[in-house]
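Structure assessment
Listed below are the residues making up each chain.
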Amino acid sequence: MRIFFYSVQSEWLKTKNSIASWLCLVGGFFIPLLYLIADIKNKTFINSAGTEIWQTHFTRLWMNMSGFLLPMGLILASSLITQVEFKNNSWKQVHVTPQKYSTIFFAKLAVLLGMTLKFFLFFNIGVIIAGTVPCLIFDHSFPKENIPWLYFIEKNARYFIACLPIIALQYLLSLQFKNFVIAVGVGLAGLIGTFIAFRWQYIYLSPFSYTNPFAERSGFSENILLYATIYFVVFTIISFYLYVNKKIKG
Amino acid sequence: MEYCVQTTDLAYTFSNRQQVLDNVSIHVPEQCIYGFLGPNGAGKTTTLKLILGLLRNHQGTIKIFNKPIAGHRVEIMRSVGSLIESPSVYGHLSAKDNLRIFQKVYQCPQGRIDEVLSMTGLANTGTKKAAQFSLGMKQRLGIAIALLHHPALLILDEPTNGLDPNGMVEIREFLKLLNREHGTTILISSHLLTEIDRLATHIGLINKGRILFEGTAEQLKKEKNRETYILYKTSDNQAAAALFARQNIKPALLPDTIKIAATSKENVAGLNRLLVHNGLDVYEITTEKNDLETIFMNLITD
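The helix and strand inventory of chain B stands at 11 helices and 15 strands. Taken over 302 residues, chain B has a buried fraction of 51%. Look at the contacts in chain B between residues 6 or more apart in sequence, and 68% of them connect residues 24 or more apart. For chain B, the accessible surface area stands at approximately 14,200 Å², while carbon and sulfur atoms represent 47% of it. In chain B, which carries 33 positive and 30 negative side-chain charges, the distance between the mean positions of the two groups comes to 5 Å.

The next thing to look at is the side chain of A:Asn156. Residue and element names in this part refer to chain A. Assignment of secondary structure puts asparagine 156 in helix H6 (residues 149–176). A distance of 2.9 Å separates the side chain of asparagine 156 from the side chain of asparagine 124, its partner in a polar contact. Setting aside its immediate chain neighbours within four residues, asparagine 156 contacts Phe58, Trp62, Phe120 and Asn124.

This paragraph deals with the interface of chain A and chain B. Of the residues lining the interface, 32 residues belong to chain A; the matching set on chain B comes to 33 residues. Of all residues in chain A, A:Gln93, A:Val96 and A:Pro98 bury the most surface against chain B, accounting for 23% of the area lost on that side. Summed over the shared surface of chain A and chain B, the number is 1 salt bridge. Applying the counting criterion to the chain A and chain B interface returns 20 residue pairs in polar contact (both at pLDDT 80 or more). At the level of elements, helix H1 (2–14), helix H3 (53–87) and helix H4 (91–94) of chain A are the ones that each hand at least two residues to the side of chain A that touches chain B. For the side of chain A that touches chain B, the element with the most residues is H1(A), which contributes 7 residues.

Turning next to the packing of helix H2 (residues 19–42) of chain A against helix H5 (residues 101–137) of chain A. For any two helices packed against each other, the geometry is given by the interaxial angle and the distance between the axes. Residues and elements named next belong to chain A. With their axes 8 Å apart at the nearest point, H2 and H5 run at an angle of 20° to one another. Between H2 and H5, the interaxial angle falls into the category roughly parallel. Between H2 and H5 lies a crossing of right-handed hand.

The subject of this paragraph is the packing of helix H3 (residues 95–106) of chain B against helix H4 (residues 111–119) of chain B. All names here are of chain B. Look at H3 against H4: their axes get within 10 Å of each other, and the N-to-C directions meet at 130°. Comparing their axes, H4 and H3 come out oblique. Here H3 runs over H4; the crossing is right-handed. Listed contacts from H4 to Ala95, Lys96, Leu99, Arg100 and Gln103 of H3 are Ile113, Asp114, Val116 and Leu117. Each residue belonging to the contact of H3 with H4 can be placed in one class, and the counts come to 5 nonpolar, 1 polar and 3 charged.

Of note, A:Asn146 is situated in the loop between H5 and H6. Considering only alpha carbons, one finds A:Asn146 and A:Gln83, 63 residues apart in sequence, at a separation of 42 Å.

Here we take up unusual backbone geometry. Positive phi values are uncommon outside glycine, yet A:Asn89 reaches one of about 55°. Within the secondary structure layout, A:Asn89 lies in the loop between H3 and H4. A positive phi is found at B:Gln31, a non-glycine position, where the angle reads about 65°. Here B:Gln31 lies in the loop between strand S3 (27–29) and strand S4 (33–37). On the accessibility criterion, B:Gln31 (53% relative accessible area) is exposed.

Looking now at a nonpolar patch on the surface. Residue and element names in this part refer to chain A. A cluster of nonpolar residues, Phe30, Leu34, Phe68, Leu69, Ile192, Phe195 and Ile196, forms a patch on the protein surface that exposes about 620 Å² of accessible area. Contributions of two or more residues to the nonpolar patch are made by H2, H3 and helix H7 (180–196). Per element, the largest residue contribution to the nonpolar patch is 3 residues, and it comes from H7. Mapped onto the secondary structure, phenylalanine 30 falls in helix H2.

Each strand in a sheet pairs with its neighbour through backbone hydrogen bonds, running either in the same direction (parallel) or in the opposite one (antiparallel). Residues and elements named next belong to chain B. Strands sit in the order S13-S14-S12-S15 across an open sheet of 4 strands; the sheet is antiparallel. Strands with a single pairing partner mark the edges of an open sheet, and in this sheet they are strand S13 (252–253) and strand S15 (282–287). As paired elements, strand S12 (residues 229–234) and S15 share 5 bridges and run antiparallel to each other. When the bridges of S15 are listed, tyrosine 232 appears paired with isoleucine 285. Where helix H10 (residues 265–277) meets the sheet, its contacts fall on S12, strand S14 (258–261) and S15, and the angle it forms with S12 comes to roughly 20°.

Rules and cut-offs
Just so you know, the residues in each chain are numbered from 1, in the order the chain's sequence is written. The lettering of chains begins at A and the numbering of ligands begins at 1, in the order of writing. Two thresholds apply to this predicted model, a pLDDT of at least 70 for residue-level local features and 80 or more for giving and counting side-chain atom pairs, whereas whole-chain, interface and lining totals are computed over all residues. By convention in this description, side-chain values take in all heavy atoms of the structure and omit both hydrogens and water. Numbering of helices and strands starts at the N terminus; helices are DSSP runs of H or I of at least 4 residues and strands are runs of E of at least 2. For every residue, the accessible area obtained with a 1.4 Å probe (protein chains only) is divided by the maximum for its type, and the residue is called buried under 20%, exposed over 50%, and partly exposed between those limits. The criterion used for residue contact is that any of the two residues' heavy atoms lie within 4.5 Å. Computed by Shrake-Rupley with a 1.4 Å probe, the accessible areas treat only the displayed protein chains as cover when residues are assessed. His is not counted, nor are the chain ends; Lys and Arg add positive charge and Asp and Glu add negative charge. Positions of charges follow a simple convention, taking NZ of Lys, CZ of Arg, CG of Asp or CD of Glu. Identification of polar contacts relies on pairs of N or O atoms within 3.5 Å, with a donor-acceptor requirement for protein atoms, meaning one able to donate a hydrogen and the other able to accept it, and with residues adjacent in sequence counted only if both atoms are side-chain atoms. We define buried area as the total accessible area lost by two parts upon association, computed with a 1.4 Å probe and summed across both. By definition here, a salt bridge exists when the distance from a side-chain nitrogen of Lys or Arg to a carboxyl oxygen of Asp or Glu is within 4 Å. Here the axes come from fitting lines to C-alpha atoms, over the contacting stretch only for helices, and the angles between their N-to-C directions go from 0 to 180 degrees. Oblique is the label for any angle not covered by the other classes, which are roughly parallel (under 35 degrees), roughly antiparallel (over 145) and roughly perpendicular (65 to 115). By definition, any crossing whose near helix is turned counterclockwise from its far helix by less than a right angle is left-handed, and any crossing with a clockwise turn is right-handed. Each residue is assigned to one of three groups, with Ala, Val, Leu, Ile, Met, Phe, Trp, Tyr, Cys and Pro labelled nonpolar, Asp, Glu, Lys and Arg labelled charged, and all others, Gly among them, labelled polar. Only residues above 30% relative accessible area that lack a salt bridge enter a patch, with like-charged residues linked at up to 9 Å and the nonpolar side chains Val, Leu, Ile, Met, Phe, Trp and Tyr linked at up to 5 Å. Between any two strands, at least two bridges found by DSSP are needed for them to pair.

Put into structure tokens, the structure is as follows:
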């Protein structure tokens, strides 16, 4: 376990100044920033949202984020995490370190999940900033309602699990193909295809469907978490098998 | 004798069925500097990759520190440092951050980072990103990574690639020092004969996936000393060869020279007179060089 912890630390260091890391920061704050600008421009305030203002504010931002930007960000970030090794020709150096292949595989996956959590954190900070800053600028009263942390945590957890199939699938692809375009291309095709065919009765079979803002209102909403978890486990097992049995490791 | 690295009948075939290695057996004694020499495409990198477990599905056995790599990879790699082909450095990070990545994995003291940075002359690179380094600096950083955890065995594939002559001398002297002071076994591949000649205590010669020679540098030279030749360049080499044959000397006719087995200086002068008396102009008489370069060229063209 200690070795795994060091391995994760090592992998996390690789994200420093990386494109994936910047993507996480910019992507996390992008939608909240747009709303903040719009609210300042239109002089609208979070208090005008009626009851459950934080929930309404949070949902409207998430709706815009989860439709395309979130899965797109995940596709890019997941591919970039392994691309760092291909681009720098460093797989061979990683594979001659005293680590089991399973340690390397799961440490990278842990970093990928950590990056996703970081993105969620930035987004939530952005949500709160976008809600409160217009009140400060226009000397409007702060929302009287407390921030519903439990609601935030529950929703975040739900979206996080919905993201897992995309993360696992993109991780699988990016470990197999040196060419970054293949992993991103497959991801984009899957995402756009899911969008187009969203009304199809079997769309829940698409791993890209669970982050869709309309998924919660669809017929398969009750099973989103179950499907997402199954896909994540299946993709991870396949990915691990293919990675460990790769004939050329550098 | 204890071998640090030992391969037995190693064979490897690429997915396109092209055989790269054919029964390669090498024996790297402990605390030696083993120069793995061969022209480009001879199979050096493939051999080193197999030794490090970077390639699978080979035939034959590989033992490092007397343990088979299969099943003991993690344990073995704790004592092995390597630099294979181009250096593996993260371009978006500084030299220090690059080393930190591996320091975490090897769990060696943080102070070691500064040590290897100054050993390899990279102490003053500061926050400069590795992507902005010259090829030589990247190569040094690759060596620094390989040295980070005080490895007992260092496997270096063409480590002086991209270094200027001064850098090459520095790295060579540094490797000698490492071997002398710390007893580090070094397995170094190169196509630069002079490098190996000046550095290695033991030599393995490989060409077209086959080992042509293995032993000490002295053994190689001694063996080849028995095969010294005199080369004549004349106005008519065919006629000269016929004259030599009449003297019971077996000449070998090369494109523009005649090669005969080494003989006394009196005989060399006598043969020269013979040629001149028979109306042939003698342009050049030379003894074939017996340095490592010549030996190497002879071996790979035989």
